[in-house]
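This is what each chain is made of:
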Amino acid sequence: MTRTTSVLISAMGGLALLTACESAHPPAAPTYAEFLSTHKADYPATMEVYMDRALVAQATPQSPIRICLQQQRGRLYVDGKVAADWPVSTGKPGKETPTGTFPILEKKKKHFSDTWGTIVDENDICVVAVANARVDKVPKGGEFLGAKMENWQRLTPGGVGIHTGKVRCHTQNSQGCIRTPAFVAETLYDITEVGSTVSISQEPEPAWPGITTPAAP
């Protein structure tokens, strides 16, 4: 069964389902705590996106963006609250997404990778489906076609960034970048500026409300 991303937007005490999965989902609650409760059986391995429209509207270029590699989720915080929570696909084994806090170095609404793409021959027939321009050779008369990456936000000089891309549920399958659902990638692009920071960690950030704190003895 094909699974697509669902976007749940919280506003005025209600939720709107922007795009639906083929399977029916239980009604989602308008708070982040209830979103987590609704998905306690499958979170973080859910393709649904939580977004509080009112909080997102208050986001600034300084609002924290957190990416958790272990969970394959991204989160936007506003005033210490989760304004958005979405699925991502990060670097696969051997092409791991680096951890740390990174300033956004470059932004482009439409970007084509100068490293990853495909190679076609002189007849426009694909000869290398997943090509690395630094390694794979282009045949005479052929061409390297960089992968399309909309809402591109570069985090490292080496080419790791956040961009619109195909996200597979709880799966690390990129070449190192942070693939993000189109709606979320566009939202983040509109909020940030060059110099805004994105923090990437293996484990959930301490501020995440889903972390259970043991009761004091």
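Our structure is the block above this text.
Residues numbered from 1 in each chain as written. Predicted model: local features only at pLDDT ≥ 70, side-chain atom pairs only at ≥ 80, totals over all residues. Heavy atoms only, no water.

Here the largest pocket defines a volume of roughly 320 Å³. Around the largest pocket, the lining comprises 17 residues; the ones closest to its centre are W116, A147, M149, Q175 and R179. Those elements giving two or more residues to the lining of the largest pocket turn out to be β8 (106-120), β9 (126-132), β10 (143-154) and β11 (161-164). Here the lining of the largest pocket is composed, by residue class, of six nonpolar, seven polar and four charged. (1 Å grid on protein atoms, 1.4 Å probe; cavity = no way out; pocket = protein on both sides within 12 Å on 5 of 7 lines; lining within 4 Å. Points joined across faces, edges and corners; volume = space filled by probe spheres on them. Helix = DSSP H or I, 4+ residues; strand = E, 2+ residues; numbered from the N terminus. Nonpolar A, V, L, I, M, F, W, Y, C, P; charged D, E, K, R; others polar.)

Moving on, we get to the pattern of salt bridges. Scanning the model with the defined rule gives seven salt bridges in all. Among the ionic pairs, D85 bridges to R75, the shortest N-O distance being 3.7 Å. Here the residue D85 occupies a position in strand β6 (residues 81-87), and R75 occupies one in strand β5 (residues 73-78), the gap between them amounting to ten residues. Classification of R75 as buried rests on a relative accessible area of 1%. Ionic pairing is found between E205 and R75, a salt bridge with its closest N-O pair at 2.7 Å. Of this pair, E205 sits in the segment after β13 (197-201) while R75 sits in strand β5, placing them 130 residues apart in sequence. (Salt bridge = Lys/Arg side-chain N within 4 Å of Asp/Glu carboxyl O. Buried < 20%, exposed > 50% of the residue type's maximum accessible area, 1.4 Å probe, protein only.)

Note on backbone geometry: most residues besides glycine have negative phi, and most peptide bonds are trans. Residue P44 follows Y43 across a cis peptide bond; omega there is 10°. Counting through the fold element by element, P44 comes out in the loop between α1 (32-38) and β3 (48-52). Positive phi values are uncommon outside glycine, yet D124 reaches one of about 65°. Mapping D124 onto the fold places it in the loop between β8 and β9.

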